[in-house]
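Examination of the molecular architecture
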Amino acid sequence: MNSLVLRNMMRFLASLLLVASVFLLWRGHNEPGGGFAGGLMAASAFVLHALALGPAGARRALRVPPLFLIATGLGTALLAALIGVIAGDPILTGHWVTLDTPGAERLKVGTPLLFDTGVYLVVVGVVLNIILPLMEDE
Amino acid sequence: MALSVFALCGFAMALAAPFLPIWRFRAGGWLAASVPAASFAYFLTLVPRIGDGEVVTASWNWIPTLDIAFALRVDGLALLMALLVSGTGALVVLYSGAYLQGKPGLGRFMAYLFGFMGSMLGLVLAGDLITLFVFWELTSITSFLLISFETEKAEARKAATQALLVTGGGGLALLGGFALIGIEAGTYDIAEITAGGGVLAESSRYLPILVLVLAGAFTKSAQFPFHFWLPGAMAAPTPVSAYLHSATMVKAGVYLLARLHPALGDTTEWTVVLTAFGSVTMVLGAFIAVHQTDLKLILAYSTVAALGLLVLLLGIGTDLAVKAAMVFLLAHALYKGALFLAAGSIDHGTGTREIGALGGLARAMPITSAALAVGAISLAGFGPVLAFIGKEALIEAALHFDRAGEAAVLVAVVAGGALFAVAAGMMGRLLIGAERAPHRPHESPWEMLAGPVLLSVLSVVFALAPVLIAGDLVAPAAAAVAGEQVKVNLALWHGVNTALLLSLLSLAIAGGVLWGARRLRPVSARIADAAGPLRPGDLYYTSLLNLNRVARQQTRLLQHGYLRLYLAVTLATAVALVFTAITARGGVDLDNSYGDVAFYEATIAGVIIAGAGLAIRANDRLTAVAALGAVGFGVALVYAFFGAPDLALTQFLIETLTVLLFVLVFYRLPRLSDVSSVGTRVRDAALSIAAGALMTVLVLASITQTSDHTLTAYFAETSKPVAFGRNVVNVILVDFRSLDTLGEIIVLAVAALGVVAMLKLRREDSP
């Protein structure tokens, strides 16, 4: 697809989508969002990139192969699952640490967020692993 | 602590072995052998304690909710087996280092060997049925890897698959049996189960338990009709044969029977089945061995016979029989290990294992020959060897067997005679006469002689001084099998008694067999031919071929590759099942007062309906895809308006990507007009209307149903205080039900791999 407008808008839009996807992942525990939606949005950012500059460009922007993302995502989710086991609890038990932030609310970070990050990575990897080869086939 | 370290160190070695730089050096084998030797030394230190009736245990919680523990437990029986496994393990590792010196893949071989050793030690030391089962399966897998070690040989691959299928199938049955035992006994703890006495034997599930456990044990221990995998497994390198088929893997089944004897044994079913299968296996193995010419096959079939003997003894199950079984277990491990290792040494030194091509090796290979001679004397069961004591004990036990003593004696005498003939034939051909070999025979290096010599020497020493093993080793083992104290007095010479006279009778039979073997060969060949397709080995192959054929046919029928037909079948099935379910329940209640319809609701519904209509009418795919996109976004809007923002968000993103995906795969699909004749359109329309109507009814019915809101309330209440999240949907996904999510992302990953594979396949098909 060769569109001047798309190519110029792409950088801006793709970055925006990526930031939004991380935002979705982060706030997922309290507001609509989460790893699945965030991952889909991040994948859309790269697909947009691929539409504007071709799949090879998108692969360069991604830096690692999609399969690597899938593996890392599964590994991250598994790690989050096993942290509880190390602490002596059944698998997938949530563990939390409270961080003191300058703001009013104290920030709670826990293994569910790590788990959701794994979901995010797997979703990005799976979508790109299917769409990019299809685009390259044309 | 020490117990678990010495029991499981094999696995550490298995993981490290491929990366150790020691295999290029001759001393590599010595170093590696020191690990099992250390285990052996540790178990040796346990002998006095276990002899005093003590039990050493180690246990960790594994799945506490199911009352399953990772437990190790050393009693007399476990200790005897652990000593055999670690002791022969050390000798076999030492032997392998020299046997495969300089061969590529020695590191890999050692990894398999140590993995097998660890599994086998775990199996015999397990104190929990599930722990035992895990190690049981591990021995099947590691022995598969060992048998198929020379992967380039088709024969080795075939033999390995056969061993895996037979023992793996038995393993499945065994798991079922263990589960039933767990249900009936209320525990998986082996000590509790065996201490429970007749609880299992009197339970209503006794017969299924017995059948399943025997299926596992008989396949593992190569009992008729599963005996055929063992000779096949001779494709493995010789040290493997020695290890798998003398001391360890094939004894696993016998070990299991001995282990569970106090819980399952001494019933009519147990006695009849075990004595019958054991006898058939023993006689069959011995007589097939007579006709073999490959040294390793001779040993393999004589092993089958020995395993039959052990099963027969456990079937008889009296104190005398249990004592005989334990003595013979030890004796057989010693002499069969020595024989296999000596056979490997002969193969190594002469270049062949064909007994017809060899002769007069006593001069060129004196040490190997000596070990072989002691082994053969043991096989024959005559002379100052432990196997002789074992054989006398067997006949003694058979004489005192009150159900079918005469038959048992007959079996023992006849099979003993055949085995004597095998041993005599082997010795006569290999050791005596003029030297014959494909190339000039030479003696093997000391690493390969240490094993056979040591094992043979022990065979003789234990026979001359049975007091060394009687009280500390055999008696505790027999006590564990019998479930009560067993008096063990062993002696080489009992004076002239019935057992000795019967032994002499089997000597006469041996003479007859030797005299008749050559004359009878055509007859036995004809019998084998006539049995042809009914022989278990052939039955295995034909059933395997047929299984593959059925699999291919049903795949061709069900996996035709037409997506639209898959969809049609799925929808039709769903419609039929749901419709049946609804009519079976006598219909559904529909409430037709739905309140006012807001303007925006009507608009969204209109968009969805219009989109669907357009998609149906569309003649080109782009229109159809765009119209379906409109439907999807309409549904997403419904989610958004009715309080499911998460779902709406995801639906929007999915819809966007789906439209994109459609566009990308467009030109690969056949043209619409090509697939849709009037007939198919009518069929699809009918199916769609039925599915849509049914779905509508279901949705409407769900409003009137009162559903259980316990979970909803629970999640809503606990989400914030327990899981620290206000978004209940997300908390369910990543915390409350994260195991589901973990499964789902794994499915996603696998699906992505499948897509890549399909695309690659396509590209290779049409370059």
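Scroll up to find the structure.
What comes next is a walk through the structure.

How each quantity is defined
Every chain is numbered independently, its residues counted from 1 as its sequence is written. Note on labels: chains are lettered from A, ligands numbered from 1, in written order. Where local features are concerned, this predicted model is filtered to residues with pLDDT of at least 70; where side-chain atom pairs are given and counted, the filter is 80 or more; whole-chain, interface and lining totals use all residues. Put simply, DSSP marks the helices as runs of H or I at least four residues long and the strands as runs of E at least two long, and each gets a number from the N terminus on. Here contacts are defined at the residue level, using C-beta atoms placed from the backbone and a cut-off of 7 Å between them. Burial in this document is a count-based property: other C-beta atoms within 10 Å of a residue's C-beta are tallied, and the residue is buried at 20 or more, exposed at 12 or fewer, or partly exposed in between, with C-beta positions derived from the backbone. One axis fitted to the seven residues ending at a residue, another fitted to the seven starting there: the angle between these axes is the bend at that residue. A pair of strands is considered paired only if DSSP assigns at least 2 bridges between the two. Three classes are used: nonpolar for Ala, Val, Leu, Ile, Met, Phe, Trp, Tyr, Cys and Pro, charged for Asp, Glu, Lys and Arg, and polar for all others, with Gly counted as polar. Interaxial angle, 0 to 180 degrees, is taken between N-to-C directions of lines fitted to C-alpha atoms, where a helix line uses only the stretch in contact. Each angle is binned into one of four classes, with values under 35 degrees roughly parallel, values over 145 roughly antiparallel, values of 65 to 115 roughly perpendicular, and all other values oblique. Helix crossings fall into two classes, left-handed where the near helix is turned counterclockwise from the far one by less than a right angle and right-handed where it is turned clockwise.

1. Some words on the overall build of chain A
Counting its secondary structure elements, chain A contains five helices and two strands. The order of α-helices and β-strands along chain A, N terminus first, is α-α-α-α-β-β-α. In terms of principal-axis extent, the alpha carbons of chain A reach across some 55 × 35 × 20 Å. Contacts in chain A between residues at least 24 apart in sequence constitute 64% of all its contacts with a sequence separation of at least 6.

2. Some remarks on the overall build of chain B
Secondary structure assignment for chain B yields 31 helices and two strands. Referenced to the eigenvectors of the C-alpha coordinate spread, the extents of chain B come out at roughly 110 × 60 × 55 Å. Counting every position in chain B, which comprises 767 residues, the buried fraction comes to 44%.

3. Thoughts on helix 20 (residues 467-482) of chain B
Residue and element names in this part refer to chain B. At V474, helix 20 shows its largest kink, close to 40°, and the proline P476 lies no more than four residues downstream. Residues I469, A470, L473, V474, A475, P476, A477, A478, A479, A480, V481 and A482 constitute the buried set of helix 20. Packed against the buried residues of helix 20 are helix 2 (27-51), helix 3 (76-99), helix 12 (249-264), helix 15 (319-350) and helix 19 (446-464). Looking one or two places after helix 20, you find G483, whose phi comes out positive at around 80°.

4. Remarks on the pairing of strand 1 (residues 56-63) of chain B
Residue and element names in this part refer to chain B. In terms of strand pairing, strand 1 meets strand 2 (residues 68-74) through seven bridges, oriented antiparallel. In the sheet register, V56 faces strand 2, and the bridge partner there is V74. In textbook terms, the turn of a hairpin is the stretch between consecutive antiparallel strands, and for strand 1 and strand 2 this stretch comprises four residues, one of which, D67, has a positive phi near 60°.

5. Topic: the interface of chain A and chain B
When the parts come together, some accessible area is lost, and that loss is often what is quoted as the size of the interface. Residue-level contacts link 38 residues of chain A with 34 residues of chain B. Elements supplying a minimum of two residues to the side of chain A that touches chain B: helix 2 (35-53), helix 4 (66-86), strand 2 (107-110) and helix 5 (111-137) of chain A. By residue number, the principal contributor to the side of chain A that touches chain B is helix 5 of chain A, which donates 15 residues. Class assignment for the residues of the side of chain A that touches chain B results in 24 nonpolar, 10 polar and four charged.

6. Digging into unusual backbone geometry
Note the cis peptide between F224(B) and P225(B), where omega equals 5°. Checked against the element boundaries, P225(B) lands in the loop between helix 9 (206-220) and helix 10 (229-232). Even without being glycine, R63(A) reaches a positive phi, approximately 70°. Of the residues examined, R63(A) has 7 C-beta atoms within 10 Å and is grouped as exposed. Backbone geometry places A222(B), a non-glycine residue, at a positive phi of 55°. With respect to the helices, strands and loops of the structure, A222(B) is situated in the loop between helix 9 and helix 10. A222(B) sits in the buried class, given 28 other C-beta atoms within 10 Å.

7. Considerations on the packing of helix 16 (residues 366-380) of chain B against helix 18 (residues 405-431) of chain B
Residue and element names in this part refer to chain B. Relative to each other, helix 16 and helix 18 sit at 160°, their axes nearing to 8 Å. With respect to their mutual orientation, helix 16 and helix 18 come out roughly antiparallel. For helix 16 against helix 18, the interelement crossing comes out left-handed. On helix 18, the residues that touch S369, L372, A373, A376, L379 and A380 of helix 16 are L419, F420, V422, A423, A424, M426, M427, L430 and L431. In the contact of helix 16 with helix 18, the residues fall into 14 nonpolar, one polar and no charged.

8. Remarks on the environment of P48(B)
Relative to the assigned elements, P48(B) resides in helix 2. Separated by 424 residues in sequence, P48(B) and D472(B) place their C-alpha atoms 6.5 Å apart.

9. Considering the environment of A20(A)
Residue placement: A20(A) occurs in helix 1 (residues 4-27). C-alpha of A20(A) to C-alpha of M41(A): the two residues are 21 residues apart in sequence and 7.7 Å apart in space.

10. Observations regarding the packing of helix 17 (residues 386-399) of chain B against helix 18 of chain B
The description of two helices packed together rests on the angle between their axes and the distance between the axes. All names here are of chain B. For the pair helix 17 and helix 18, the least separation of the axes is 7 Å and the interaxial angle reads 155°. Overall, the two elements helix 17 and helix 18 adopt an arrangement that is roughly antiparallel. Seen from helix 17, the contacting residues are K391, L394, I395, A398 and L399; seen from helix 18, they are G405, A408, V409, A412 and G416. Considering only residue class, the contact of helix 17 with helix 18 consists of seven nonpolar, two polar and one charged.

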